[in-house]
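Tertiary structure, described
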Amino acid sequence: MRIKKIFTGAFIFTALLFGNTKLLAQDKRYIPLGHTKYKDTLLVAHPDTTFEKDLFDVIKLIFDKNYKQGKADSVTTKPVISVVPAVGYTLQTSLAGTLSGNVVFRTAPNTRISTITANPAYTQKKQVIIPLQSNIWTKDNQYDFIGDFRFYKYPQSSFGLGSNSDLANENPLDYTFFRFYETVLRHIAGNFYAGLGYIFDDRWNMSEKGQANGQISDFEKYGPTRRSISTGITFSALFDSRDNSINASRGFYTSLQYRDNYTFLGSTTAWRSLIIDIRKYYKFPETSDNILAFWSYNWLVLNGRPAYLDLPATGHDPGNTTGRGYIQGRFRGAQMVYLESEYRFKLTRNGLLGGVAFINAQSFSAAPGTRLQGIQQGFGPGLRIKLNKVSKTNIAIDYGFGRESSRGLFINVGEVF
């Protein structure tokens, strides 16, 4: 009965997201992004003509008393760079030193915003994390080049398979990881794109410390290996009508990625998976700058037997942001169903500070061929600090609560979804 409720809830959630696109079609102010009238500017429409303010304005005011703040310009072909060095703390890393930032630009006028994001870090747990992600749109939005490149030296704990796994089964793992993903999407019609990609994941020097309770770990039961390679072809489809890919205030996004890993290309085993990523954004109330956002992220192994660390897991989506309230990798399994909602609101009229409240739910199966298990919830508040008013980039600081007294601080440059 519980599993039926999970699927029923996911179906209703997805149906609401798709169904409400009709509301957008009836809104005369809504125009597909391919020909959008929306400017990526953050002017505030108040009678006193108060301008948006970001962290750089604050810094300039501190060091230059004569600094006069101007209005936010639109994103153009000139790159807009946002960089912030920071010391943070997360459940996964403990203390971490990081240099987070992005570059935002257009390759031509009236083209969608292109982004390059990097967040290199070194942590108290001796983790080396070097991610580089890119999303480049060509002239007239004919092609979208999506890249994801990573190098990790990554001690990380696993807690077993399924969403009913026990915290007492914590098993410290260690491995080195390299990723190369590149996808090319071609414009089909309106806001719809489709294309192919190449995907390569390599994990080596994998080892486990073992469970403190002395029991055999799920990592050992599943089939331990010192190295695993997963490489193959992806088939992707995208619909994106958001007004801003970094910090959307309205629109709809859905992405489907079918992945086929082949042994003749070098995969340790052959396996296939499907990822369905759906997001919807409303201004709520309609006349305000507050946003009600929904996210459904479903990651399913269709057949085959991926290596243990290739299985879907909490916080292992492309942005590493699912499951606020839980440590990364807390839940793992062959099937993942995930839902989240977030309400975003201003705390200051000039947009420098904002707040969020979020709630999420996730369910996992265990090994391939098993059913979904229990639902694990997370929730919490968050603070937003405007890092760059032109690109609408925020520093996101969230405190999440989960079950079994799980809680922690989560810091990100850019919105969670």
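This one's a predicted model, so the numbers in the text were calculated from it and none came from an experiment.

Turning our attention to the overall build of the chain. Broken down by element type, the chain carries 4 helices and 18 strands. The buried share among the 417 residues of the chain stands at 50%. Relative to all contacts within the chain whose residues are 6 or more apart in sequence, the contacts with residues 24 or more apart total 60%. Approximately 19,200 Å² of the chain is accessible, and the part contributed by carbon and sulfur atoms is 62%.

To continue, consider the pattern of salt bridges. Counted under the stated rule, the structure contains 24 salt bridges. Put simply, K153 and D174 hold a salt bridge, and the shortest N to O gap is 3.3 Å. Linking K153 in strand β6 (residues 143–153) with D174 in strand β8 (residues 171–189), this pair joins segments that are 21 residues apart in sequence. With relative accessibility at 30%, the residue K153 sits in the partly exposed group. A salt bridge links E342 to R344; its shortest N-O distance comes to 2.6 Å. Across this residue pair, the class does not change: E342 and R344 are buried.

Right, let's get into the packing of aromatic side chains. The full count for this structure, using the stated rule, is 25 aromatic pairs. Between the aromatic rings of Y222 and Y308, the centroid separation amounts to 5.8 Å while the plane-to-plane angle is 70 degrees, which identifies the pairing as edge-to-face. Of the two residues, Y222 is situated in helix α4 (residues 218–222) and Y308 in the loop between β13 (291–304) and β14 (335–346); the sequence distance between them amounts to 86 residues. Across the pair, exposure class does not vary: Y222 and Y308 are buried alike. Note on Y297 and W299: the rings are 6.5 Å apart at their centroids and 80 degrees apart in plane angle, and the pair reads as edge-to-face. Judged on exposure class, the residue Y297 and its partner W299 are both buried. Taken together, Y281, W295, Y297, W299, Y338 and F417 form an aromatic cluster joined through their ring pairs.

We now examine the pairing of strand β9 (residues 192–208). In this sheet, β9 lies alongside β8 in antiparallel orientation, the contact comprising 15 bridges. For A189, the partnering residue across the bridge sits in β9 and is F192.

When the pLDDT values of the chain are averaged, the result is 85; 86% of them are 70 or greater. This model gives residues 1–49 a pLDDT under 50, and the stretch forms 83 contacts once residues within four places in sequence are excluded.

Its location among the elements puts Q362 in strand β15 (residues 353–364). Residues in contact with Q362, not counting those within four places in the same chain, are T314, G323, Y326, F331, V337, Y338, G374, I375 and Q376. Reaching out from Q362, the side chain makes a polar contact with the side chain of T314 at a distance of 2.8 Å.

With that settled, the discussion passes to the nonpolar core. Counting residues in hydrophobic clusters, the biggest one holds 18 residues, and the most contacted among them are L161, Y175, Y222, Y308, L309 and L311. Broken down by secondary-structure element, the contributors of at least two residues to this core are β8 and α4. Take this core: its biggest share by element is 3 residues, from β8. Beyond its immediate sequence surroundings of up to four residues, Y175 is in contact with Y152, K153, Y154, Q156, R203, W204, N205, M206, L309 and H316. Counting residues in each nonpolar core, the second largest holds 15 residues, with I275, I291, W295 and F331 among its members.

What follows is about a nonpolar patch on the surface. A contiguous nonpolar patch, built from I130, F151, F178, F180, Y198, F264 and L265 and spanning about 640 Å² of accessible area, is present on the exposed surface. Structurally, L265 can be placed in the loop between β11 (251–261) and β12 (271–283).

On the secondary structure map, D148 appears in strand β6. D148 sits in the buried class, given a relative accessible area of 7%. Side-chain polar atoms of D148 contact the side chain of R150, separated by 2.8 Å. When neighbours within four sequence positions are excluded, D148 is seen to be in contact with L132, Q133, R179, F180 and Y181.

Right, let's get into the side chain of S163. Take S163: it is sitting in the loop between β7 (156–158) and β8. Among the polar contacts listed, one links the side chain of S163 to the backbone oxygen of G374, at a separation of 2.6 Å.

Here the focus is the environment of R227. Checked against the element boundaries, R227 lands in the loop between α4 and β10 (228–240). Each C-alpha atom, one on R227 and one on A307, is 9.1 Å from the other, the two residues being 80 residues apart in sequence. Discounting chain neighbours no more than four positions away, the residues touching R227 are D202, R203, W204, M206 and T268. Within polar-contact distance, the side chain of R227 engages the side chain of D202 at 2.6 Å.

Conventions used here
- Residues numbered from 1 in each chain as written.
- Predicted model: local features only at pLDDT ≥ 70, side-chain atom pairs only at ≥ 80, totals over all residues.
- Heavy atoms only, no water.
- Helix = DSSP H or I, 4+ residues; strand = E, 2+ residues; numbered from the N terminus.
- Buried < 20%, exposed > 50% of the residue type's maximum accessible area, 1.4 Å probe, protein only.
- Contact = heavy atoms within 4.5 Å.
- Areas by Shrake-Rupley, 256 points an atom, 1.4 Å probe, with all protein chains shown as cover.
- Salt bridge = Lys/Arg side-chain N within 4 Å of Asp/Glu carboxyl O.
- Phe/Tyr/Trp six-rings, centres within 6.5 Å; stacked < 30°, edge-to-face > 60°.
- Pairing = 2+ DSSP bridges.
- pLDDT = per-residue confidence, 0-100.
- Polar contact = N/O pair within 3.5 Å; in protein donor to acceptor, adjacent residues only side chain to side chain.
- Core = buried A, V, L, I, M, F, W, Y, C linked by side-chain atoms within 4.5 Å.
- Patch = residues over 30% accessible without salt bridge, like charges linked within 9 Å, V, L, I, M, F, W, Y side chains within 5 Å.

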